[in-house]
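Listed below are the residues making up each chain.
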Amino acid sequence: MTGTVGAVLQVLLIAVGSPLLVGVMRQVRARLEGRAGAGIAQPWRDLRKLLRKQAISPHGTGWVFRLAPLLLAGTALVAAAVVPLVTTASPLDGVADLFAVTALLAVGSVALALGALDTGTAFGGMGASREMTVLALVEPTILVSVFALSIRVGSTSLGSIVTATARDPLSVISPVSALAAVALAIVTIAETGRIPVDNPSTHLELTMIHEAMVLEYAGPDLALIEWASAMRLSVLLGLLASLFFPLGIAGADAGVLGLAAAVIAIVVKVALLGVLLAAGEVFMAKLRLFRVPELLAGSFLLALLAVAASFFLA
């Protein structure tokens, strides 16, 4: 029962809190840039405005274009349910495998890229091509870096990895964890389309990746995409926090107070990571597009080094 309640809390927390996390990050950037900002709740107001508009599909598009936002949001919600954020005793722990979660994230990205290709526009094709280039380098890095952490546990289950780290917090202070953490941090930035890989607030044709794929969407479809993108950001930041700083996460024997403390802990950790990411974006320039594969290849190399170090220290 504790695991079921914890899984439900995770989904609700990600679904409701993700737009607020985006609002916090925008507000931090605004303050550091000397602006007042629109407020933390502005992303929810934007979603409400989009939901009230009429859904418009470009001429010539088919079911792929209309299905992409649903798949993107659906995979984000499923990932929120299976990734150990609040509790490690989720009833979905059997499917909370490293490969399953990575595949879920990839399905959402591929669906959005296919939806962009379905429009037949130059911008859609350009954004989809760039997204697949990033995806081809991001997904293997996620697999390899988390696999480095799973070697000492003997399981690729994310719940087992987080539980082992929670029982032995000093294991985080190791070359394996340091290399894997840096690699995962880089691919989290790339997967969520943040600076220096992509700029979520730009519409310049020479630089945009994510925005190029969603230019033809409007109304409720665009609201689903924006909501799903915020949820993916929260899930990845939450996974990063759980893998390397699982303080406060609830176990199988946690009661109501334990779950409440776990909810507060994950909110604080994800908010702090979001604030750090937003603050870093203010002082960081976006990379040129042809330099992005070099950055992601470097993160993959760090993940490989983490695996080598894990076998060496085992």
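Residues numbered from 1 in each chain as written. Predicted model: local features only at pLDDT ≥ 70, side-chain atom pairs only at ≥ 80, totals over all residues. Heavy atoms only, no water.

(A) The arrangement of the overall build of the chain in detail. Regarding its fold elements, the chain presents eleven helices and zero strands. Relative to a compact globule of 314 residues, whose C-alpha radius of gyration would be 20 Å, the chain shows 19 Å and is just as compact. Taking all 314 residues of the chain together, 48% fall into the buried category. Taking the contacts inside the chain whose residues are at least 6 apart along the sequence as the reference set, 79% of them involve residues at least 24 apart. In the form shown here, the chain has an accessible surface area of approximately 14,000 Å², with 71% of it arising from carbon and sulfur atoms. (Helix = DSSP H or I, 4+ residues; strand = E, 2+ residues; numbered from the N terminus. Rg over C-alpha atoms; globule rule 2.2 N^0.38 Å. Buried < 20%, exposed > 50% of the residue type's maximum accessible area, 1.4 Å probe, protein only. Contact = heavy atoms within 4.5 Å. Areas by Shrake-Rupley, 256 points an atom, 1.4 Å probe, with all protein chains shown as cover.)

(B) Broad picture of unusual backbone geometry. Residue Pro196 is reached from Ile195 by a cis peptide bond, and omega for that bond is 15 degrees. Considering the arrangement of structural elements, one finds Pro196 in the loop between helix H7 (175-191) and helix H8 (210-213).

(C) Expanded view of the nonpolar core. The biggest cluster of nonpolar side chains holds 79 residues, and the ones touching the most others in it are Val83, Leu184, Tyr217 and Leu243. Top element by residues in this core is helix H9 (residues 219-244). It accounts for 14 residues. Beyond its immediate sequence surroundings of up to four residues, Leu243 is in contact with Val146, Leu149, Ile161, Val162, Thr165 and Leu184. (Core = buried A, V, L, I, M, F, W, Y, C linked by side-chain atoms within 4.5 Å.)

(D) Summary view of the side chain of Thr87. For Thr87, the position within the fold is in the loop between helix H3 (63-82) and helix H4 (98-118). Residue Thr87 is classed as buried on the basis of its relative accessible area of 1%. A distance of 3.3 Å separates the side chain of Thr87 from the backbone oxygen of Ala250, its partner in a polar contact. Sequence-distant contacts of Thr87, defined by excluding residues within four places in its chain, comprise Gly3, Gly6, Ala7, Gln10, Ile249, Ala250 and Gly251. (Polar contact = N/O pair within 3.5 Å; in protein donor to acceptor, adjacent residues only side chain to side chain.)

(E) Up close: the packing of aromatic side chains. Throughout the structure, instances matching the rule amount to one aromatic pair. Ring centres of Phe65 and Tyr217 lie 4.1 Å apart, and the angle between their planes is 5 degrees; on these two criteria the pair is classed as stacked. In this pair, Phe65 sits in helix H3 while Tyr217 sits in the loop between H8 and H9, placing the two residues 152 residues apart along the sequence. In this structure Phe65 comes out as buried when scored by relative accessible area, which is 0%. Judged by its relative accessible area of 4%, Tyr217 falls in the buried class. (Phe/Tyr/Trp six-rings, centres within 6.5 Å; stacked < 30°, edge-to-face > 60°.)

(F) Region of interest: the packing of H7 against helix H11 (residues 292-313). Contact geometry of H7 with H11 gives a least axis separation of 8 Å together with a crossing angle of 155 degrees. On the basis of the axis angle, H7 is roughly antiparallel to H11. Every pair of crossing elements has a handedness; the one defined by H7 and H11 is left-handed. Residues Pro175, Val176, Leu179, Ala180, Val182, Ala183, Ile186, Val187 and Ala190 of H7 touch H11, and the partners they reach there are Leu295, Leu296, Ser299, Leu302, Ala303, Leu305, Ala306, Ala309, Ser310 and Leu313. Grouping the amino acids of the contact of H7 with H11 by side-chain chemistry returns 17 nonpolar, two polar and no charged. (Axes fitted to C-alpha atoms, helices over the stretch in contact; angles between N-to-C directions. Parallel < 35°, antiparallel > 145°, perpendicular 65-115°, else oblique. Left-handed = near helix turned anticlockwise from the far one by under 90°. Nonpolar A, V, L, I, M, F, W, Y, C, P; charged D, E, K, R; others polar.)

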